[in-house]
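# Chain and residue survey
Each chain, letter by letter, is given below.
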Amino acid sequence: MSEGICCGCGKKFRRPSSAMRERSFCSVRCSSNNRPRTSVADMFRKYCVPSGIDSCWEWSGHCDTRGYGIVRADIVGSGRVKSCRAHRVAWWLYAGILIEHLDILHGCNNRKCVNPAHLYPGTHARNMQDLAEAGTQKGEHNPRARFTNEQVLTMRALCGSG
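Scoring rules and cut-offs
- Residues numbered from 1 in each chain as written.
- Predicted model: local features only at pLDDT ≥ 70, side-chain atom pairs only at ≥ 80, totals over all residues.
- Heavy atoms only, no water.
- Helix = DSSP H or I, 4+ residues; strand = E, 2+ residues; numbered from the N terminus.
- Pairing = 2+ DSSP bridges.
- Buried < 20%, exposed > 50% of the residue type's maximum accessible area, 1.4 Å probe, protein only.
- Contact = heavy atoms within 4.5 Å.
- Core = buried A, V, L, I, M, F, W, Y, C linked by side-chain atoms within 4.5 Å.
- Axes fitted to C-alpha atoms, helices over the stretch in contact; angles between N-to-C directions.
- Parallel < 35°, antiparallel > 145°, perpendicular 65-115°, else oblique.
- Left-handed = near helix turned anticlockwise from the far one by under 90°.

### Quick word on unusual backbone geometry
Of all residues except glycine, most have a negative phi; of all peptide bonds, most are trans. Phi angles above zero are rare outside glycine, and asparagine 109 is one such case at about 60°. In this structure, asparagine 109 sits in the loop between β5 (103–106) and β6 (119–122).

### Looking at the pairing of strand β1 (residues 2–5)
Two elements, β1 and strand β2 (residues 12–15), share four bridges in a ladder whose sense is antiparallel. Each residue of the ladder has a partner; that of isoleucine 5, found in β2, is lysine 12. Taking the residues between adjacent antiparallel strands as the criterion, β1 and β2 are bridged by six residues, where glycine 10 takes a positive phi near 85°.

### Remarks on the side chain of histidine 118
One can find histidine 118 in the loop between β5 and β6. The exposure class assigned to histidine 118 is buried, which follows from its relative accessible area of 13%. Non-local contacts of histidine 118, meaning those with residues more than four positions away in its chain, are made with Ile53, Asp54, Ser55, Cys56, Leu105, His106, Gly107, Cys108 and Cys113.

### Remarks on the nonpolar core
Ranked by size, the top nonpolar core spans 16 residues in total, and within it Phe44, Cys48, Trp59, Val71, Ala86, Val89 and Val114 carry the most contacts. Counting only elements with at least two residues in this core, the list comes to α2 (40–47), β3 (70–73) and α3 (86–95). Among the elements that line this core, the one with the most residues is α3, at four residues. Residues within four places of tryptophan 59 in sequence aside, it is in contact with Phe44, Tyr47, Cys48, Gly69, Ile70, Val71, Ala86, Lys112 and Val114.

### Thoughts on the packing of α2 against α3
Running from N to C, α2 and α3 cross one another at 130°; their axes reach a closest spacing of 11 Å. In terms of their interaxial angle, α2 and α3 are classed as oblique. The hand of the α2/α3 crossing is left-handed. Only Ala86, Val89, Ala90, Trp92 and Leu93 of α3 make contact with α2, whose side of the interface consists of Val40, Ala41 and Phe44.

Below you can see the structure in the form of structure tokens.
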């Protein structure tokens, strides 16, 4: 074992002799607390390239199972990083505020779009109304659909005929 001084907290610590490289931090916590952080805006630009005010700006980073972009960021200023939907972060960067009880809705019905011109705050009820009007919630248009409308009709006919 050799001794070192932590670059994060300044305490002396012991490095195991089996370590392949010399560590500069006494713990994972000191290491992560002293890692250079990129701003939310810089990180956001890495995964989104604006392509004109009228077109959708597709999120190219990680997406959840429902097709929404995901960002790990501290958008509430608490110092805690958490997963947020990319379009909510886009709205926060644009407007500077997020209202807790309101959703950020897509006017373009594209879940990967992070163009602030296509986003607006609204209630969950309004979001469901928009989905129903756009017809993106039902049948084969649903991103989680496993069958086409034609396949469902065929299955129903076969079940009905016995």
